[in-house]
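As a plain string of letters, each chain reads:
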Amino acid sequence: EMYMGHICKAECNLPEALQWWEKMTQHSPEKWIVWAEYGDCMVKLCRYEEAILAYKKAMPMRPKPRFIDCEEAVAHIYEITATCHGGEAFSAYLL
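Note that this is a predicted model, so its numbers are computed, not measured.

S.K.: Can you explain the packing of aromatic side chains? Please cite residues and give values.
M.R.: Inspection of the entire model under this criterion finds one aromatic pair. Centre to centre, the rings of Trp35 and Tyr38 are 6.1 Å apart; their planes meet at 80°, and the pair counts as edge-to-face. Taken together, the residues Trp35 and Tyr38, both in helix 3 (residues 32-44) and three residues apart, mark about one turn of the helix. For the pair formed by Trp35 and Tyr38, the shared burial category is buried. Over the face of the ring belonging to Trp20 we find Lys23, whose NZ or CZ atom lies 4.3 Å from the ring centre.

Pasting the structure below:
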């Protein structure tokens, strides 16, 4: 299922990729990468609030050393939606 999500995303078939990632969140909710990929699909579909929720689920699950992709994505969403500006975007997430 995870591979199907990646394949659909690579083919720019985001609605179907999203369906695969939704299935993965149900089958493997303990895997951080599933929530991060689900968030990535949400962003590409401009479903920003849902993306932030998915990223926030992924963040505490990541093993150390932690990648900061989720935090960067959340900061970009805040900038895109004009919720915050510049360096405030990341600190707004942390609050």
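S.K.: Give a detailed account of the packing of helix 1 (residues 2-10) against helix 2 (residues 14-27), specifying residues and quantitative values.
M.R.: Taken N-terminus to C-terminus, the directions of helix 1 and helix 2 make an angle of 160°; their axes are 8 Å apart at the nearest point. Taken together, helix 1 and helix 2 sit at an angle that is classed as roughly antiparallel. The chirality of how helix 1 crosses helix 2 is left-handed. Contact with helix 1, carried on its side by Met2, Met4, Gly5, His6, Cys8 and Lys9, involves Leu14, Glu16, Ala17, Trp20, Trp21 and Met24 of helix 2 and no other residues of that element. A class-by-class count of the residues in the contact of helix 1 with helix 2 yields eight nonpolar, two polar and two charged.

S.K.: Tell me about unusual backbone geometry, and name the residues and values.
M.R.: Residues apart from glycine generally show negative phi values, whereas peptide bonds are mostly found in trans. At Cys12, a residue that is not glycine, the phi angle is positive and equals roughly 65°. Considering the arrangement of structural elements, one finds Cys12 in the loop between helix 1 and helix 2. Note on Cys12: relative accessible area 65%, which makes it exposed. At Cys46, a position not held by glycine, the phi torsion is positive, near 60°. Along the polypeptide, Cys46 turns up in the loop between helix 3 and helix 4 (48-58). Residue classification places Cys46 among the exposed residues on the basis of a relative accessible area of 53%.

S.K.: So, the confidence of the model for the protein chain: which residues are in play, and what are the values?
M.R.: The predicted coordinates should not be examined in detail at positions where pLDDT is low. Scored by pLDDT, the protein chain has a mean of 82; 81% of the residues are at 70 or more. Per-element averaging of pLDDT across the protein chain places helix 6 (residues 88-94) at the bottom with 52 and helix 2 at the top with 94.

S.K.: Would you mind going over the side chain of Arg62 in detail, with residue names and values included?
M.R.: With respect to the helices, strands and loops of the structure, Arg62 is situated in the loop between helix 4 and helix 5 (69-80). By relative accessible area, which is 5% here, Arg62 ends up buried. For Arg62, the side chain forms a polar contact with the main-chain oxygen of Met59, separated by 2.9 Å.

Reading the values: rules and limits
Residues numbered from 1 in each chain as written. Predicted model: local features only at pLDDT ≥ 70, side-chain atom pairs only at ≥ 80, totals over all residues. Heavy atoms only, no water. Phe/Tyr/Trp six-rings, centres within 6.5 Å; stacked < 30°, edge-to-face > 60°. Helix = DSSP H or I, 4+ residues; strand = E, 2+ residues; numbered from the N terminus. Buried < 20%, exposed > 50% of the residue type's maximum accessible area, 1.4 Å probe, protein only. Lys NZ or Arg CZ within 6 Å of the ring centre and 35° of its normal. Axes fitted to C-alpha atoms, helices over the stretch in contact; angles between N-to-C directions. Parallel < 35°, antiparallel > 145°, perpendicular 65-115°, else oblique. Left-handed = near helix turned anticlockwise from the far one by under 90°. Contact = heavy atoms within 4.5 Å. Nonpolar A, V, L, I, M, F, W, Y, C, P; charged D, E, K, R; others polar. pLDDT = per-residue confidence, 0-100. Polar contact = N/O pair within 3.5 Å; in protein donor to acceptor, adjacent residues only side chain to side chain.

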